[in-house]
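Chain by chain, the residues:
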Amino acid sequence: MTLPELGESVTEATVSRWLKEVGDPVEADEPLLEVSTDKVDTEIPSPVAGTLTEIRVKEDETAEYGAHLGGLVLLDADLRQGAAFTGYVTPLVRKLAQQNDVDLNQVTGTGVGGRIRKQDVLDAAAAKQKAAAAPARPKAAPSPDAGKRGTTEKMSNLRKIVASRMTESLQTSAQLTATVEVDLSAVARVRAKAKDDFRKREGVGLTYLAFITQAATEALRQYPKVNASIDTEAGTITYHDSEDIGIAVDTPKGLMVPVIKGAGDLNVGGVAKSIGDLAARARDGKIGPDELSGATFTITNYGSTGTLFDTPIINLPNAAILGTGAMVKRPVVVSDEYGNDTIAIRPMMYLSMTYDHRLVDGADASRFLSFVKARLEEGDFGAEFGLNQ
């Protein structure tokens, strides 16, 4: 088994950990080991079903593309079927387990020597039915780190990279954060009318983030200084000719920022599909290294976990990063066309943009955010979905 190609610009990877030990059975496409590059952590699946016979590249060792990682020996179909449960049970017990969809690996035998008896399978089946019939109780979202209390672990390669780049960003650029409050009533009306048909047609959700990303992309065209990068050593500023939007994604392995290339050429629906695809593949560990680089501007949706506003750190070499807070319904003062004020309940959101003051002035940031706010509060997105607003 060799190290597969992990991206156009990736030539080597470091083995983070083996998920199997020598002698363990493994199914085809089952994750076999994890590797880290300077861009992404990813799982390497087994190319065949068999048994792991050799580990050549050990944990924390680096291998080049095409290097021999380890050895596998194939198993025939009968052996693969038996690998799931190697303990002895009678044919009657095995058939009974299959009929009741009982996993013998999860059954504790009460017979002589721990052997699984017919009654053990029947008890397991009854317990399974009882659990299925029990009313579901609402539960708070579990913390992915709940089991780490009181422990010490080695930093993952991805965490080291994030820590290094965030520290470098703060040490290199002059960062300030500006915030506006946006009334999303108009966007909410469009989304409510279009989201069901959109999901049926495209298979992904029509999120508020898609509308915000579209508005931000349009603003970048109007204010190219925010879509630029600075090289102080060379004394140059590069104004990018495309809007390539990095979307920060919270994954089980840590923060990743896949990039929507050419977002300026997409409409809201295209942006929504891109966000759904990139986020899903990032969380599943199926994102390519080339898809994690090249952003000219970044958006982070910390509001998805309830945060109202934050001061995000710039993703160098970008000049700015936009943070979207939680959308909250609350009473606000609303003025009509005659200047009369009333109090109404509206879905409100804070948008915070951290910008590099070496390149972007406060007035630039204010104009950019004002454009995004006006675009969203205008809410003129309905035509794309065949709606008359």
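Residues numbered from 1 in each chain as written. Predicted model: local features only at pLDDT ≥ 70, side-chain atom pairs only at ≥ 80, totals over all residues. Heavy atoms only, no water.

## Focus: the side chain of Asp 364
Looking at where Asp 364 falls in the secondary structure, it is placed in helix α8 (residues 362-378). In this structure Asp 364 comes out as buried when scored by relative accessible area, which is 13%. There is a polar contact of 3.3 Å between the side chain of Asp 364 and the side chain of Lys 225. At a separation of 3.0 Å, a polar atom in the side chain of Asp 364 contacts the side chain of Arg 367. (Helix = DSSP H or I, 4+ residues; strand = E, 2+ residues; numbered from the N terminus. Buried < 20%, exposed > 50% of the residue type's maximum accessible area, 1.4 Å probe, protein only. Polar contact = N/O pair within 3.5 Å; in protein donor to acceptor, adjacent residues only side chain to side chain.)

## Structural notes on unusual backbone geometry
Omega for the peptide link from Leu 316 to Pro 317 comes to 5°, which places this bond in the cis form. The phi dihedral of Asp 60 falls on the positive side, at around 75°, and the residue is not glycine. Secondary-structure assignment places Asp 60 in the loop between β5 (50-55) and β6 (62-64). One non-glycine residue, Asp 101, lies in the positive phi region at around 55°. Mapped onto the fold, Asp 101 is located in the loop between α2 (91-99) and α3 (118-133). Residue classification places Asp 101 among the exposed positions, given a relative accessible area of 55%.

## Regarding the confidence of the model for the protein chain
Averaged over all residues, the pLDDT of the protein chain equals 88, while 91% of them reach at least 70. Contacts of residues 76-84 to residues separated by more than four positions or lying in other chains number five contacts, the stretch itself having pLDDT below 50. (pLDDT = per-residue confidence, 0-100. Contact = heavy atoms within 4.5 Å.)

## Some details on the sheet that holds strand β1 (residues 12-18)
Read across the open sheet, the four strands follow the order β4-β3-β1-β6; overall the sheet is antiparallel. Across the chains shown, the open sheet's two edge strands, defined by having one partner strand only, are β4 (41-45) and β6. Direction aside, the axes of adjacent strands within the sheet are offset by 40° on average. Relative to strand β3 (residues 31-36), β1 runs antiparallel, the two sharing four bridges. Across the sheet, Trp 18 pairs through a bridge with Leu 33, a residue of β3. (Pairing = 2+ DSSP bridges. Axes fitted to C-alpha atoms, helices over the stretch in contact; angles between N-to-C directions.)

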